[in-house]
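# Tertiary structure, described
For reference, the chains in residue letters:
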Amino acid sequence: MEQKYKKLIKCLALDAIGMASFAVPIIDVVWAPIAASISYKMFGEKRGKYTSIITFIEEILPVTDVIPSFTIFWFLFDFLGIGKENKTANEVVNADFVEIK
């Protein structure tokens, strides 16, 4: 199985935990910072800053536990590739080896 689909399964499981906390709201106080930390690590330093804030707010607010934030972030960043850095943009080209015809 591709790595990005393994990540999807993790995201679905984390969203299920978040939705389960809907039944016992006091769990949100504990789960919100944990989910934010996981979100930061899962989606990288640059995007993780934003995903962790959104995840924390979504988990701490009542009634928003049903929003599958991890899965939405996976869909945007890993499936659609939104926000990917262009690896070739920062590459250094050695002019000594460039063939000009």
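One can find the structure itself at the top, above this paragraph.
As a starting point, this report considers the structure included with it. Since we're looking at a predicted model, the values are computed, not measured.

The rules behind the values
Residues numbered from 1 in each chain as written. Predicted model: local features only at pLDDT ≥ 70, side-chain atom pairs only at ≥ 80, totals over all residues. Heavy atoms only, no water. Salt bridge = Lys/Arg side-chain N within 4 Å of Asp/Glu carboxyl O. Helix = DSSP H or I, 4+ residues; strand = E, 2+ residues; numbered from the N terminus. Buried < 20%, exposed > 50% of the residue type's maximum accessible area, 1.4 Å probe, protein only. Phe/Tyr/Trp six-rings, centres within 6.5 Å; stacked < 30°, edge-to-face > 60°.

### Section: the pattern of salt bridges
Going through the model one piece at a time under the given rule, you end up with one salt bridge. With a shortest N-O distance of 3.1 Å, Lys 7 and Asp 78 are connected by a salt bridge. Here Lys 7 is found in helix 1 (residues 3–20), whereas its partner Asp 78 is found in helix 4 (residues 69–79), with 71 residues between them in sequence. On the basis of relative accessible area, Lys 7 is assigned to the buried category, the value being 17%.

### Concerning the packing of aromatic side chains
Under the counting rule described, the total for this entry stands at six aromatic pairs. Considering the side-chain rings of Tyr 5 and Trp 74, the 6.0 Å spacing of their centres and the 50 degrees angle between planes classify their relative orientation as tilted. Highlighted residues: Tyr 5 in helix 1 and Trp 74 in helix 4, separated in sequence by 69 residues. Seen in terms of ring centroids, Phe 73 and Phe 77 are 6.1 Å apart; in terms of plane orientation they differ by 15 degrees. Their pairing is stacked. On the criterion of helical spacing, the pair formed by Phe 73 and Phe 77 is a turn pair, its members being four residues apart in helix 4. Each member of the pair Phe 73 and Phe 77 is classed as buried.

By themselves, these figures tell us nothing about what the structure is for.
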